[in-house]
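The residues making up each chain are set out below.
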Amino acid sequence: MNVTLIDYGAGNVPSVERALRRLGAQVETTNNTEKIAKARCLVLPGVGHCAALIGALDAHSLRHPIRQAIQRGTPFLGICLGLQALYESSEEAPDLPSLGIFPGRVTRLPETVKLPHMGWNTLTSTRTSRLLASIPAGAYFYFAHSFAAPAAGQESAATCSHGREFIAVLEKDNLFAVQFHPEKSGAAGAQVLQNFLRAAA
Amino acid sequence: MSLAHRIIPCLDTDGSRVVKGVHFEGLRDAGDPVELAARYNAEGADELVVLDIAAARDNRPTFLETIRRTSEQLAIPLSAGGGICSLEQARAVVRAGADKITVNTAAVQCPELLSRLSAEFGAQAVVLAIDAKRDGDHWQVRIRGGREATSLDAVEWARHGVTMGAGEILLTSVDRDGTQSGFDIDLTAAISNAVTVPVIASGGAKLPGHFVEVFTRGAADAALAASIFHDQIQSIRALKEFLRNAGVEVRLPC
């Protein structure tokens, strides 16, 4: 499986790359517009501030090829900010439009709980999920974020709760995304990546 | 179900080897960081911390290599620190494979460092390590590996550090560190209740009951220990089973 890993300077690119290679994928890390336009399978990692991600996508003219690839049905996996970027905008950077694949706005989790939401949490499945295939219910995944997308959309396959419910697993045809970090989530996380590679093959 | 309480083994290194000592002194060799990392990853550790505690940090390339080799063994998050005092050094640590940067003395000397790190890597990647020592009815912040006193109050400093951009506090009791007499519950609760970010309690762990106490009365979000894991006094799996039976939510890996 050939995976094109979009490298715009996010901190978790090396660990995502390592996790995919462990599963036997051929990984090319790039920020090249043409390579991303021609990719057969795309992974958009991300961690940190959403303005860094959106700003970097614009700086490398990647917004258009990524949107086109998703609309063409190229298998795509967004991780953490890579999930949040799929919505219209984020409260974290209100003036920067995100990729806008799905309606809705990413908002900050409530102050009633400790933020960032940092550590291992479980998921609530909302429908059959290809990414979560053969993962036991009650498995923990590693989260590190303060902002999250709404839980209610049709694209939601599983949710998580910290102060409020939010989308944790997004699936629509060949478009996948997770709010947690599969590359840091032990065996359960590796299974999610394996399931994505299988769905993309 | 909610967020699990984390168990975090800590590897104090001299750059390349794991070392340990009591009250930050009398260091002795405790093994190879890469081997220990692989073992803890397999045993169900939730995260790993690697620190360079060598007094003269003249061997930074060796430490970066240790981070690189350690992170290769891990499918869990890695924090790294020890003597980081610039954005450039933090970048090198992140490029070597760390998910989080731990800062201590440099943040006391220049709190703006926290803001700069947070702006570049996100608050979730910035861990403010505080070494606190009881002084009458409050706790004093100590720097340079606990050796040097400051005029800062630990609770005030923790609050300020969060305002400046820290996303997590790694709180070490200088009084308890290395004594295996239990975490400083009062200190941990005071800091955890004062800040809006997760707190990792450190210093004094030995018995499983110490961990139950720090997660309940101490309100810690995570607990860190070193020698009890290195010396196999306590296995991470057995500790987590004990915690679960005591009603503390933990992640038991399948």
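Being a predicted model, the structure only gives us computed values, none of them experimental. (Residues numbered from 1 in each chain as written. Chains lettered and ligands numbered in written order. Predicted model: local features only at pLDDT ≥ 70, side-chain atom pairs only at ≥ 80, totals over all residues.)

(A) Fine view of the overall build of chain A. Counting its secondary structure elements, chain A contains 6 helices and 13 strands. For 201 residues, the compact-globule estimate of 2.2 N^0.38 gives 17 Å, and chain A sits close to it at 15 Å. Over its C-alpha atoms, taken along the principal directions, chain A stretches across nearly 45 × 40 × 30 Å. Taking all 201 residues of chain A together, the buried fraction comes to 57%. Of all intrachain contacts in chain A linking residues separated by at least 6 positions in sequence, the fraction that spans at least 24 positions is 68%. (Helix = DSSP H or I, 4+ residues; strand = E, 2+ residues; numbered from the N terminus. Rg over C-alpha atoms; globule rule 2.2 N^0.38 Å. Buried ≥ 20, exposed ≤ 12 C-beta atoms within 10 Å, placed from the backbone. Contact = placed C-beta atoms within 7 Å.)

(B) Structural detail: the sheet that holds strand β8 (residues 124–125) of chain A. All names here are of chain A. Pairing is mixed in the open sheet, where 8 strands are placed in the order β2-β1-β3-β4-β13-β12-β11-β8. Whereas interior strands pair on both sides, the edge strands pair on one side only; in this sheet they are β2 (26–30) and β8. Across 3 bridges, the pairing between strand β3 (residues 42–44) and strand β4 (residues 76–79) is parallel. Residue pairing across strands places V43 opposite L77, the latter belonging to β4. In this fold helix α1 (residues 13–22) packs onto β1 (2–6), β2, β3 and β4, with an angle of close to 160° to the strand it touches most, β2. (Pairing = 2+ DSSP bridges. Axes fitted to C-alpha atoms, helices over the stretch in contact; angles between N-to-C directions.)

(C) Spatial organisation of the packing of helix α3 (residues 87–95) of chain B against helix α5 (residues 112–121) of chain B. Residue and element names in this part refer to chain B. At a closest axis distance of 10 Å, the pairing of α3 and α5 adopts a crossing angle of 40°. Relative to α5, the element α3 lies oblique. Seen along the crossing, α3 lies across α5 with a hand that is right-handed. In this structure, α3 uses L87, A90 and V94 to contact α5, whose residues at the interface are R116, L117, E120 and F121. (Parallel < 35°, antiparallel > 145°, perpendicular 65-115°, else oblique. Left-handed = near helix turned anticlockwise from the far one by under 90°.)

(D) Geometry of α3 of chain B. Residues and elements named next belong to chain B. Three or more residues of α3 are buried, namely A90, V93 and V94. What you see down the axis of α3 is that its buried residues fit within an arc of 100°, all on one side. Just past α3, the residue G97 takes up positive phi, approximately 125°. (Arc of directions from axis to C-beta.)

(E) Representation of the interface of chain B and chain A in the model. Contacts between the two partners involve 29 residues from chain B and, on the opposite side, 31 residues from chain A. Looking at side-chain class alone, the side of chain B that touches chain A contains 15 nonpolar, 7 polar and 7 charged residues. (Nonpolar A, V, L, I, M, F, W, Y, C, P; charged D, E, K, R; others polar.)

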